[in-house]
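These are the residues of each chain, in order.
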Amino acid sequence: VTTGCVLLVDDEPDVLEVIQTILELSGYAVLTATSGREALDLVRANDRVGLVMVDLMMPGTDGWWLRDRVAEDPALADLPIVVLSGAGLTAAQSQALASSTVLKKPVELHVLLATVERTMRRRS
Amino acid sequence: VVVGDVARDARFAADPYLAAAGTRSLLAVPVRRVDRALGVLYFENDQLTDAFTADRVQMIRLLSAGVGISIENSLLFEERHRAEAGLRLLADTSAALSETLDYETTVAKVARLLVPDFADFCSVDLVVDGKLVQAAYAHADPAKQPLIAELRARYPVVASAPSPAGQALRTGKPVLLADVGDEQLRASCHDADHLAIVRALGPRSAMAIPLVSAGRVLGVLALSSVTPGRYQTSQLALAETLGRRVAVAIENARLYREAQEAIGVRDEFLSVASHELRTPVTALKLTLQGLVTGLVPVDDKLPRQLQLAERQTGRMSRLIDEMLCVGRIQSGAGIELVPEPVDLAQLVRDVAEGLGGELARARCTIAIGAPGPVTGRWDRGKLEQVAANLLSNALKFGRGQPIEVAVTEAAGTATLVVRDHGIGIAGDRLPRIFERFERAVPSNQYGGLGLGLYIVRAIVVSHGGAVHAESQVGRGSSFTVDLPCEGPP
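Analysis parameters
Residues numbered from 1 in each chain as written. Chains lettered and ligands numbered in written order. Predicted model: local features only at pLDDT ≥ 70, side-chain atom pairs only at ≥ 80, totals over all residues. Heavy atoms only, no water. Helix = DSSP H or I, 4+ residues; strand = E, 2+ residues; numbered from the N terminus. Buried < 20%, exposed > 50% of the residue type's maximum accessible area, 1.4 Å probe, protein only. Contact = heavy atoms within 4.5 Å. Pairing = 2+ DSSP bridges. Right-handed = clockwise from strand over helix to strand, strands pointing away. Salt bridge = Lys/Arg side-chain N within 4 Å of Asp/Glu carboxyl O. Axes fitted to C-alpha atoms, helices over the stretch in contact; angles between N-to-C directions. Left-handed = near helix turned anticlockwise from the far one by under 90°. Nonpolar A, V, L, I, M, F, W, Y, C, P; charged D, E, K, R; others polar. Expected span 1.5 Å × (residues − 1). Arc of directions from axis to C-beta.

Engineer: Got a minute to help me understand the overall build of chain A in this structure?
Structural biologist: The number of helices and strands found in chain A is five helices and five strands. Its helices and strands in sequence order give chain A the pattern β-α-β-α-β-α-β-α-β-α, from N to C terminus. Expressed as a percentage of its 124 residues, the buried residues of chain A come to 51%. A fraction of 66% describes how many contacts in chain A between residues 6 or more apart in sequence connect residues 24 or more apart.

Engineer: Would you mind going over the pairing of strand E2 (residues 29-33) of chain A with me for this structure?
Structural biologist: All names here are of chain A. Examined bridge by bridge, strand E1 (residues 5-9) and E2 share five bridges and lie parallel to one another. Among the inter-strand pairings, Leu7 is bridged to a residue of E2, identified as Leu31. You can see the chain leave E1, run along helix H1 (residues 13-25) and come back into E2, and the turn it takes is right-handed.

Engineer: Hey, could you run me through the pattern of salt bridges in this one?
Structural biologist: Residue and element names in this part refer to chain B. Applying the stated criterion across every chain, the model contains 27 salt bridges over all chains. Of the charged contacts in the structure, one is a salt bridge between Glu340 and Arg380, with a shortest N-O distance of 3.8 Å. Taken together, the positions of Glu340 in strand E9 (residues 339-343) and Arg380 in helix H12 (residues 380-397) put the pair 40 residues apart, joining distant regions of the chain. A residue is classified by how much of its surface remains accessible, and Glu340, at 32% relative accessible area, is partly exposed. Relative accessible area serves as the criterion here: at 32%, Arg380 is assigned to the partly exposed category. Taken together, the shared-partner salt bridges in this structure form one network comprising Asp182, Glu183, Arg186 and Arg199.

Engineer: Would you take a moment to explain the sheet that holds strand E3 (residues 36-45) of chain B for this structure?
Structural biologist: Sheets are built from strands paired through backbone hydrogen bonds, the pairs being either parallel or antiparallel. Residues and elements named next belong to chain B. With antiparallel pairing, the three strands of this open sheet are ordered in space as E1-E2-E3. In the strand order of this sheet, the two ends are held by strand E1 (2-3) and E3, each with one partner. Direction of pairing for strand E2 (residues 25-33) relative to E3: antiparallel, over a ladder of nine bridges. In the strand pairing of E3, Val29 is matched with Leu41. Contacts from helix H2 (residues 54-99) reach E1, E2 and E3, with the element oriented near 30° to E2.

Engineer: Just to check I follow, could you spell out the environment of Phe437 of chain B for this structure?
Structural biologist: Residue and element names in this part refer to chain B. One can find Phe437 in the loop between strand E13 (413-419) and helix H13 (452-462). A relative accessible area of 18% places Phe437 in the buried class. A sequence separation of 165 residues divides Phe437 from Val272, and the C-alpha atoms of the two residues are 9.7 Å apart. Not counting the four nearest positions on each side in its chain, Phe437 is found in contact with Val265, Phe269, Leu449, Gly450 and Leu451.

Engineer: Looking at this structure, how should I read the packing of H12 of chain B against H13 of chain B?
Structural biologist: The relative placement of two packed helices comes down to the angle between their axes together with the axis-to-axis distance. Residue and element names in this part refer to chain B. Contact pair H12 / H13: the axes reach a minimum separation of 9 Å and the direction vectors enclose 145°. Seen from above, H12 lies across H13 with left-handed handedness. Counting all contacts with H12, which are made through Lys382, Leu383, Gln385, Val386, Asn389, Leu390 and Asn393, the residues of H13 involved are Gly452, Leu453, Ile455, Val456, Ile459 and Val460. Along the lines of polarity and charge, the residues of the contact of H12 with H13 split into eight nonpolar, four polar and one charged.

Engineer: Sorry if this is basic, but what is going on with the pairing of strand E5 (residues 131-139) of chain B here?
Structural biologist: In the sheet, strand E4 (residues 121-128) of chain B pairs with E5 of chain B via eight bridges, with the strands oriented antiparallel. The residue of E5 of chain B that forms the bridge with Ser123 of chain B is Tyr137 of chain B.

Engineer: Hey, could you run me through unusual backbone geometry in this one?
Structural biologist: One can expect most non-glycine residues to show negative phi and most peptide bonds to be in trans. Residue Lys105 of chain A is joined to Pro106 of chain A through a cis peptide bond whose omega torsion reads -5°. The peptide bond linking Val115 of chain B to Pro116 of chain B adopts the cis configuration, its omega dihedral lying at 0°. Note that Pro116 of chain B resides in the loop between helix H3 (103-114) and E4. A positive phi angle, close to 50°, is found at Asp50 of chain B, a residue other than glycine. Positioned with a positive phi, Ala411 of chain B is a non-glycine residue whose angle comes to about 50°.

Engineer: Explain the side chain of Ser85 of chain A here, please?
Structural biologist: One can find Ser85 of chain A in strand E4 (residues 81-85). Excluding residues that lie within four positions of it along the chain, Ser85 of chain A makes contacts with Asp55, Leu56, Leu103, Lys104 and Lys105 of chain A.

Engineer: Even after reading the chapter, I still don't get H3 of chain B, so can you show me in this structure?
Structural biologist: Because an α-helix packs 3.6 residues into every turn, residues spaced three or four apart end up facing the same way. Residues and elements named next belong to chain B. The end-to-end C-alpha distance of H3, which contains 12 residues, comes to 16 Å, matching closely the 16 Å that a straight helix rising 1.5 Å per residue would cover. For H3, the complete set of buried residues consists of Tyr103, Thr106, Val107, Val110, Ala111 and Leu114. In a view along the axis of H3, the buried residues occupy a sector of 135°, so they form one face of it. Of the surrounding secondary structure, the elements contacted by the buried residues of H3 are H2, E4, E5, strand E8 (216-225) and helix H8 (233-292).

Shown next, in the form of structure tokens:
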């Protein structure tokens with residue numbers, strides 16, 4: 001259906017499961033990771049990843065860490081990252097995320113789907 | 001006193017000085033200031049007897065009155081000048097004290113204001129975490145500044161010290177040494193080195209003012225002058241007023257800082273709590289919206305989706321329970337216990353079984369060692385909370401390594417030990433992990449409200465028991481709960 005797959009990154013298994021179900025039923029291929037490290041390995045090993053949707057707060061390598069690694073890597077320069085976070089953001093953090101799409105938990109289903117669709121379409 | 005003929009006066013005829021000087025007659029007139037004599041105008045005549053006639057005496061008395069008035073005026077002027085200087089000092093220090101709520105900066109500024117007009121050198125020492133720390137010092141001679149620092153570094157003020165500062169701290173009362181002799185210097189020093197430094201500073205008059213706020217001694221202000229007799233009761237009164245203002249400023253700054261810290265902790269808690277609640281709400285909302293919109297087919301997916309929703313509502317209830325529980329503990333209402341006979345070993349097994357899903361996800365095992373039933377009179381629900389919190393922590397921070405649990409009993413005390421082999425807790429965080437909102441790891445790394453161990457301790461303590469933790473970074477942590485089997489006191 002689409003040209004790439006969505007990589008979901010969240011340390012909360014139930015959140016991963018429900019979003020994976022929704023996206024798969026909407027026609028997307030989905031990969032999941034529970035840490036920034038795992039996600040980075042998946043992105044580097046799999047050039048079909050067309051979008052990373054990442055939680056900011058995770059143990060160990062978190063969403064900020066993943067964003068920084070992706071930004072540093074020229075091979076991943078065009079990879080869109082959608083931040084899905086429940087954390088309140090400081091002014092400095094909001095500023096740092098200015099160039100990213102940020103979805104706030106709890107996100108509405110139609111907003112989630114519209115964001116993924118728009119980003120993937122632009123990508124293809 | 002008028003002596004017409006010294007040789008014939010019974011009081012002075014035999015005076016060797018007058019005999020040697022050949023004094024024939026003399027006159028002494030007191031110089032008075034309102035209530036006391038300030039001095040004497042004294043005249044001798046070695047030519048004539050009865051040289052001081054009544055009109056001459058009258059003239060000298062007038063002269064003496066004039067001298068008395070002049071001295072009175074200059075003393076009053078000096079007093080006014082001193083009072084003005086004192087007021088100016090109070091005004092300047094008050095301004096400095098109200099400028100900022102950072103007391104380290106404030107006391108340093110006050111110390112600088114006190115030299116050289118009010119003191120040749122001074123030092124402010126404050127009680128910080130139960131220990132006295134030099135917060136500020138100043139010397140009129142910048143070259144001697146390092147001496148004061150050296151003095152405090154090598155011979156810190158302690159309440160047992162024989163120095164005026166030590167005495168002020170000990171008694172909470174100001175100390176005035178108008179004239180400091182070498183004998184006193186020696187008595188207030190510990191050893192020869194100490195005495196050498198103090199002698200180099202050369203105090204000849206000294207005051208030590210305890211800084212007291214609401215009955216608590218916060219520190220001591222020590223003032224020294226190299227001029228003997230520089231400090232008298234009027235200077236002491238000024239220094240005491242100053243000390244009271246400094247103490248109030250320090251207390252205000254401390255309260256402000258504590259309030260700021262408390263607000264910081266609260267904000268952090270609200271941010272963490274909102275994140276913690278958003279996660280289950282997100283899963284629940286997307287699950288329900290998926291079903292309602294028909295995107296997720298109800299036939300095969302329904303049971304799994306409902307289980308997920310159930311799990312998330314359970315999680316939300318636990319979070320809310322935790323918050324309410326802390327609210328109750330904080331309000332002083334305490335924890336209400338309903339003791340009943342409970343087998344702690346079985347209770348722990350049940351709680352571990354309930355964690356099945358989480359265990360599987362953490363790819364982790366729990367081994368429970370209990371030689372037999374360990375029974376006591378406890379609140380079952382509350383102890384389930386204790387076991388669940390300790391086991392969840394072990395899972396969360398256990399890096400997937402096996403968790404060991406032991407339940408034993410000895411001499412009427414039941415003991416529960418939960419040991420993991422995970423990330424461990426840094427030594428400096430360990431003593432505080434049972435505090436409210438404390439966490440051994442940054443909140444942006446591991447979820448949770450930071451209330452689990454606080455609640456554990458409150459429940460265990462309300463049962464008359466105790467809980468403690470041992471840990472090594474990278475090696476894991478071990479939590480031990482001791483409970484009296486006869487139940488809460």
